[in-house]
Amino acid sequence: MKSPKLILDDDRIRVYQKQLGQWDNLNHLIVCRKTKKACIVDPFDGSFWEDFCQANNFILEQIWLTHSHWDHCKGVEALVNSTVFTPEVRCHQLEQQRGYNAEYIQWWSHDEFSSQTCAVGGLEFSIHCTPGHTPGHVVIIGNGIVISGDCLFSVSYTHLRAHETLRYLVCRLLLEK
């Protein structure tokens, strides 16, 4: 399988992107250049990312889920059961309304349309709760990137709060500038 595409590379951060699965889901690997600590967002294929991180001497410490649909968390189990890494898994607690639950998840618990800060190595990101596509959908913003998961996936009948979510995100992005 081809390597992921390096979409951002500066003196602080590297971001790799790979489309995986039959729906070409976007997976993002965020790497702190200073510490080599990494976070995979929405891993579809855990073995792929474990091999990639190991080959590049990255320390995969975290898994962040934008939401809990199967195509965004399919690779979590493989990474949690890794003999190489012991990543912490983060997801918003509102995803439990959909029945998503696992003993290893550390739940974000901030309110809808608010954010909290999480770090990967020396990099800080705002994790914004953007309900609509799912109850606990999150968007990740910081260090020159926005990872929106399926937040703007407008063809979903479940995304009944699209206008509210979009208005919130536009305001947050303008404030980040």
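Refer to the structure presented above.
Within each chain, residue numbers correspond to sequence positions counted from 1 in written order. Given that this is a predicted model, residues contribute local features only at a pLDDT of at least 70 and side-chain atom pairs are listed and counted only at 80 or more, while totals for whole chains, interfaces and linings are drawn from all residues. As a convention, hydrogens and water are excluded, and side-chain values are obtained from all of the structure's heavy atoms.

### Thoughts on unusual backbone geometry
With a phi close to 65°, Lys 36 is a non-glycine residue in the positive phi region. Only DSSP runs of H or I with at least four residues qualify as helices, and only runs of E with at least two residues qualify as strands; both kinds are numbered from the N terminus onward. Take Lys 36: it is sitting in the loop between strand 3 (25–32) and strand 4 (37–41). Taking relative accessible area as the criterion, Lys 36 reaches 36% and is therefore assigned partly exposed. When accessible area is computed with a 1.4 Å probe and restricted to protein chains, residues below 20% of their type maximum are described as buried, those above 50% as exposed, and intermediate ones as partly exposed.

### Quick look at the environment of Leu 79
Inspection of the secondary structure puts Leu 79 in helix 3 (residues 76–80). The buried category is assigned to Leu 79, whose relative accessible area is 0%. Separated by 19 residues in the primary sequence, Leu 79 and Leu 60 have C-alpha atoms spaced 9.1 Å apart. Those residues in contact with Leu 79 that lie beyond four places of it in its chain are Ile 40, Pro 43, Gly 46, Glu 50, Leu 60, Ile 63, Phe 85 and Pro 87. We call two residues contacting when some pair of their heavy atoms lies within 4.5 Å.

### Section: the sheet that holds strand 8 (residues 115–120)
The pairing criterion for strands is at least two bridges between them, as found by DSSP. Spatial strand order, 8-9-10-11: 4 strands in an open sheet with antiparallel pairing. With one partner strand each, in any of the chains shown, strand 8 and strand 11 (145–147) form the two edges of the open sheet. Recorded for the sheet is a direction-independent mean angle of 25° between the axes of neighbouring strands. In terms of strand pairing, strand 10 (residues 138–142) meets strand 11 through 3 bridges, oriented antiparallel. Across the sheet, residue Gly 142 finds its bridge partner in strand 11, namely Ile 145. Only the stretch in contact is used when a helix axis is fitted, and all axes are lines through C-alpha atoms; the angle between N-to-C directions ranges over 0 to 180 degrees.

### Considering the side chain of Gln 62
Looking at the element boundaries, Gln 62 is found in strand 5 (residues 59–64). Since its relative accessible area comes to 10%, Gln 62 is described here as buried. Counted as a polar contact is a pair of N or O atoms within 3.5 Å, where, for protein atoms, one must be capable of donating a hydrogen and the other of accepting one, and residues adjacent in sequence contribute only when both atoms are in side chains. Within the structure, the side chain of Gln 62 is placed 2.8 Å from the side chain of Trp 64, a separation counted as a polar contact. The contacts of Gln 62, once residues within four sequence positions are left out, are Ala 38, Cys 39, Ile 40, Pro 87, Glu 88, Arg 90, Ala 119 and Val 120.

### Some thoughts on the pattern of salt bridges
When a carboxyl oxygen of Asp or Glu is within 4 Å of a side-chain nitrogen of Lys or Arg, the pair counts as a salt bridge. All chains considered together, the criterion is met by 5 salt bridges. Among the ionic pairs, Asp 9 bridges to Arg 14, the shortest N-O distance being 3.2 Å. Note on Asp 9: relative accessible area 40%, which makes it partly exposed. Within the structure, one salt-bridge network assembled from shared partners comprises Asp 9, Arg 14 and Arg 33.

### Regarding the packing of aromatic side chains
Any aromatic ring pair is given by two values, namely how distant the centres are and how the planes are angled relative to each other. Classification of ring pairs uses Phe, Tyr and Trp, with its six-membered ring standing for Trp, and accepts pairs whose centres are within 6.5 Å; under 30 degrees between planes counts as stacked, over 60 as edge-to-face, and the remaining range as tilted. The final tally for this structure, using the stated rule, is 8 aromatic pairs. Centre to centre, the rings of Trp 64 and Trp 108 are 6.1 Å apart; their planes meet at 65°, and the pair counts as edge-to-face. You can see Trp 64 sitting in strand 5 and its partner Trp 108 sitting in strand 7 (residues 105–108), a full 44 residues away along the chain. For Trp 108, a relative accessible area of 0% corresponds to the buried category. When the ring of Tyr 100 is compared with that of Trp 107, the centres are 6.4 Å apart and the planes differ by 85°; the resulting orientation is edge-to-face. Taking the relative accessible area as the measure of exposure, Tyr 100 reaches 15% and is therefore buried. Each residue in the set Tyr 16, Phe 48, Trp 49, Phe 52 and Phe 58 is aromatic and connected to the rest through ring pairs, giving one cluster.

Geometric values such as these leave the question of function open.
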